[in-house]
Amino acid sequence: MPRHRRTNSRALIPTDHRVLAKAFKALSTLALFVLVIVTTGILVPRPIWVSAASKPVDWRSRILVLSNPIHTDIAIPVDGDVLAQFGFLSTGGLDLDNPNLRYLIFGWGGRAFYTQTPTWADLKTVPVLKSLTLDRAVMHVELAGDIPFDRPEVSIIDIDAAGFDRLLTFIRGSFTVGENGPIPLLGSAYGHHDAFFEGEGYFNVLAGCNTWTAAALRHAGLTSGWWTVLPWMLRVSLWLHNDPAVFAAPRQPVAQPG
């Protein structure tokens, strides 16, 4: 009697379909992995334990977090004490005596990408590759006048006196200090009202500008998500893990001590 061959069902599926199926499975697994990481980064608080005593009780200042699709900065309202602590910024060519000065805006990032990409039109391959691997850090400082509170890219946060002092200490500690103080990168500014300085640490896409902002806000007494690599992740985690009163700010700035 003739033998019957067992049919290989895989052989009935065209090769290109099998390749597409494998690719779809790999992409689905990757998407699920990214979703888990992002969700965990937002939902898991940092720090995990927050004592009741750390909640703001005596408002000192209203700071602003400014964001675009990939980057966040912290805007600090100026007064005599702030200008005294950051007087070294004048070595970068910044006019701290400008009568219209209302905020100092601080950001941390990778040297190549940050200094060479003032706009998206200036995007270059090498700075992007460095930001995806490892790059020396820089601090970017910008002088600003009044900032409208009702703009979608502006988040208003009230912090107490102790948190404000810790925030300033953290920001100052992000500048690399040489023999003569923080080191300006002369000639790298975008315009007349900003400057770059050497920054502490190294930048990569997994530990970038938004994780620096999150760390700064934690020093100010807030709780963020454990890993907030994008601005929207940081915003969601801040709203999730902090008292809503911190963000329930009126439209006008609070008075700053002279």
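Residues numbered from 1 in each chain as written. Predicted model: local features only at pLDDT ≥ 70, side-chain atom pairs only at ≥ 80, totals over all residues. Heavy atoms only, no water.

S.K.: Describe the overall build of the protein chain, with residues and values.
M.R.: Within the protein chain, the secondary structure is distributed over seven helices and 10 strands. A fraction of 76% describes how many contacts in the protein chain between residues 6 or more apart in sequence connect residues 24 or more apart. (Helix = DSSP H or I, 4+ residues; strand = E, 2+ residues; numbered from the N terminus. Contact = heavy atoms within 4.5 Å.)

S.K.: Give a description of the pairing of strand E5 (residues 135–144) that names residues and reports values.
M.R.: In terms of residue burial, E5 counts as a mostly covered element, since eight of its 10 residues are buried. Taken together, the eight bridges between strand E4 (residues 103–110) and E5 define a ladder with antiparallel strand orientation. By the bridge assignment for E5, Tyr103 is matched with Ala144. Of the strand pairs in this sheet, E5 and strand E9 (residues 194–203) are connected by seven bridges, and their pairing is antiparallel. Within the sheet, the bridge partner assigned to Asp135 lies in E9 and is Phe203. (Buried < 20%, exposed > 50% of the residue type's maximum accessible area, 1.4 Å probe, protein only. Pairing = 2+ DSSP bridges.)

S.K.: Which residues make up helix H7 (residues 231–241), and what values go with them?
M.R.: Within the sequence span of H7, burial applies to Pro231, Met233, Leu234, Ser237 and Leu238. Along the axis of H7, the buried residues cluster in a sector spanning 160°; they form a single face. (Arc of directions from axis to C-beta.)

S.K.: How would you explain the pattern of salt bridges if you had to name every residue and give the values?
M.R.: Throughout the structure, instances matching the rule amount to five salt bridges. A salt bridge links Arg102 to Asp146; the shortest N-O distance between them is 3.7 Å. Taken together, the residues Arg102 in the loop between helix H2 (80–85) and E4 and Asp146 in the loop between E5 and strand E6 (154–160) connect sequence positions 44 residues apart. Arg102 sits in the partly exposed class, given a relative accessible area of 37%. (Salt bridge = Lys/Arg side-chain N within 4 Å of Asp/Glu carboxyl O.)

S.K.: Which residues make up the layout of surface pockets, and what are the values?
M.R.: Put simply, the largest pocket is a space of about 840 Å³. Residue lining of the largest pocket: 32 residues in total, with Asn68, Ile70, His71, Phe113 and Cys209 positioned closest to the centre. Of all the secondary structure elements, the ones that give two or more residues to the lining of the largest pocket are strand E2 (59–67), E4, helix H3 (111–116), helix H4 (125–132), E5 and helix H6 (209–219). Taken together, the residues of the lining of the largest pocket break down into 19 nonpolar, 11 polar and two charged. (1 Å grid on protein atoms, 1.4 Å probe; cavity = no way out; pocket = protein on both sides within 12 Å on 5 of 7 lines; lining within 4 Å. Points joined across faces, edges and corners; volume = space filled by probe spheres on them. Nonpolar A, V, L, I, M, F, W, Y, C, P; charged D, E, K, R; others polar.)

S.K.: Got a sec to walk through the packing of H6 against H7? Specific residues and values, please.
M.R.: Axis separation between H6 and H7 bottoms out at 9 Å; the angle between their running directions is 25°. When the interaxial angle is binned, H6 and H7 end up roughly parallel. Crossing hand, H6 versus H7: right-handed. Residues Asn210, Thr213, Ala214 and Leu217 of H6 touch H7, and the partners they reach there are Pro231, Leu234 and Leu238. In the contact of H6 with H7, the residues fall into five nonpolar, two polar and no charged. (Axes fitted to C-alpha atoms, helices over the stretch in contact; angles between N-to-C directions. Parallel < 35°, antiparallel > 145°, perpendicular 65-115°, else oblique. Left-handed = near helix turned anticlockwise from the far one by under 90°.)

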